[in-house]
Amino acid sequence: MDFSLSEAQRELRGSILEFARSELSGSMRARDKAGEFDRAGWDKCAEFGIQGLPMPSAYGGSELGIVECLIAMQTLGYACPDAGLLFVLNSHMWTCELPIALFGTDAQKQRYLPAMVRGERIGCHAMTEPDSGSDAFSLRTLATKVDGGYRLTGAKTFVSNGPIADVFLVFATVNPKRGWAGVTAFLVDRGTPGLSPSKPLEKLGLKTAPTGELHLEDCFVPDDAVLGKLGGGSAVFNAEMGWERSCLFAGHLGAMQRQLETCVQYAKDRKQFGKPIGSYQGIAHKIADMRLRVELGELIL
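About the thresholds
- Residues numbered from 1 in each chain as written.
- Predicted model: local features only at pLDDT ≥ 70, side-chain atom pairs only at ≥ 80, totals over all residues.
- Heavy atoms only, no water.
- Helix = DSSP H or I, 4+ residues; strand = E, 2+ residues; numbered from the N terminus.
- Rg over C-alpha atoms; globule rule 2.2 N^0.38 Å.
- Buried < 20%, exposed > 50% of the residue type's maximum accessible area, 1.4 Å probe, protein only.
- Contact = heavy atoms within 4.5 Å.
- Areas by Shrake-Rupley, 256 points an atom, 1.4 Å probe, with all protein chains shown as cover.
- Lys, Arg positive; Asp, Glu negative; His and termini not counted.
- Charge placed at Lys NZ, Arg CZ, Asp CG, Glu CD.
- Phe/Tyr/Trp six-rings, centres within 6.5 Å; stacked < 30°, edge-to-face > 60°.
- Lys NZ or Arg CZ within 6 Å of the ring centre and 35° of its normal.
- Expected span 1.5 Å × (residues − 1).
- Polar contact = N/O pair within 3.5 Å; in protein donor to acceptor, adjacent residues only side chain to side chain.

Student: So what exactly am I meant to see when it comes to the overall build of the chain here?
Tutor: Looking only at helices and strands, the chain features 8 helices and 10 strands. Here the C-alpha atoms of the chain give a radius of gyration of 21 Å, agreeing with the 19 Å that 2.2 N^0.38 yields for 301 residues. Taking the principal axes of its C-alpha atoms as reference, the chain extends roughly 80 × 40 × 35 Å. Within the span of the chain, comprising 301 residues, buried residues form 46% of the whole. When contacts within the chain are restricted to residue pairs at least 6 apart in sequence, long-range pairs at least 24 apart make up 73% of them. As displayed, the chain offers around 15,100 Å² of accessible surface, 54% of which is attributable to carbon and sulfur atoms. Distance between charge centres in the chain, computed from 32 positive and 35 negative side chains, equals 6 Å.

Encoded structure:
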């Protein structure tokens, strides 16, 4: 089986590598210490076309497939040291933008996708709750049917992009007795009465990727805010997770490659007992193991 890249894929990787090295490779120490999101870097990515990579051309996207998107995110992970910025991009693209492209009505796509592709609106995904994490479909956020729409009431936590998002993909149940079959996805705009995003949570890592809580108190959304089918939230969730769990890790794989190269160079430059430390088996074996992990990770993805 041939895993080599096509000419078009090599050109894609080369162009993204050049972009990331010239525009996204600066120091992030001050921003990391302050927990500050790199909005300027985000805007540069949008101008280059990152946010539109998998999106239909009708909405300004490039219509790239999953392999090309993996290559793109792996290359960004290699050349951009700001893992938080990449996390924001992944959350926006795979857990909000892509579900709209896959399940949205024509009106929803036209309303949201062009601005999201241009980077003018940031998306987020609100599934996890204080008492509902891995068991996602036991969530308690309730969507009560009223005249002309639904009223959402509940709380979400660990919402990636939540503090800076403009579009919230909120999962709520229309019937708790139906379990996963009652879960429904809703598109909610920032500024909607009853929607209250929190300030960023304090974290040990990924400090430049804002993560927060979300409170919904009698938050009215119209009928056309439903994404996909009523009770079809599980289909939306499963479709987006397939992309997100691949493309997110592609960025980490790129970072692993960068770290490996850094270690190899250090092993060549650092000398002990008159020889580079890489000439000693204790170090050489560690580097070989690192290389194997990178190769295995790439094959798995």
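Moving on from the model shown.
Student: Mind showing me how you'd approach the environment of Phe158 here?
Tutor: Topologically, Phe158 is positioned in strand 3 (residues 149-160). When the C-alpha atoms of Phe158 and Gly233 are compared, they prove to be 19 Å apart, with 75 residues separating the residues in sequence. Non-local contacts of Phe158, meaning those with residues more than four positions away in its chain, are made with Thr128, Leu201, Thr211 and Gly212.

Student: How do you make sense of the packing of aromatic side chains when you look at a structure like this?
Tutor: For any pair of aromatic rings, geometry is given as the distance between the ring centres together with the angle between the planes. Summed over all chains, the structure comprises 5 aromatic pairs. Here Phe37 and Trp42 contribute two aromatic rings whose centre-to-centre distance is 6.2 Å and whose plane-to-plane angle is 65°, an arrangement assigned as edge-to-face. Taken as a pair, Phe37 and Trp42 share a single burial class, namely buried. Ring geometry for Phe171 against Phe237: centres 6.1 Å apart, planes inclined by 90°, an arrangement best described as edge-to-face. Here Phe171 is found in strand 4 (residues 167-173), whereas its partner Phe237 is found in helix 7 (residues 233-269), with 66 residues between them in sequence. The residues Phe171 and Phe237 share a single accessibility class, namely buried. The ring of Tyr150 is capped by Lys145, whose NZ or CZ atom sits 5.1 Å from the centre of that ring.

Student: Help me understand the side chain of Ser91 in this model?
Tutor: With respect to the helices, strands and loops of the structure, Ser91 is situated in helix 5 (residues 83-103). Looking at Ser91, the relative accessible area reads 6%, which means it is buried. Residues contacting Ser91, with those up to four places away along its chain left out, are Cys96, Gly123, Ser160 and Asn161.

Student: What exactly am I supposed to notice about helix 5 here?
Tutor: One turn of an α-helix holds 3.6 residues; hence residues three or four places apart share an orientation. An ideal rise of 1.5 Å per residue puts 30 Å on 21 residues; helix 5 measures up with 29 Å between its terminal C-alpha atoms. Along helix 5, 18 of the 21 residues are buried, which leaves the element largely enclosed by surrounding structure. Its side-chain oxygen 3.1 Å from the backbone nitrogen of Gly84, Asp82 forms the N-cap of helix 5.

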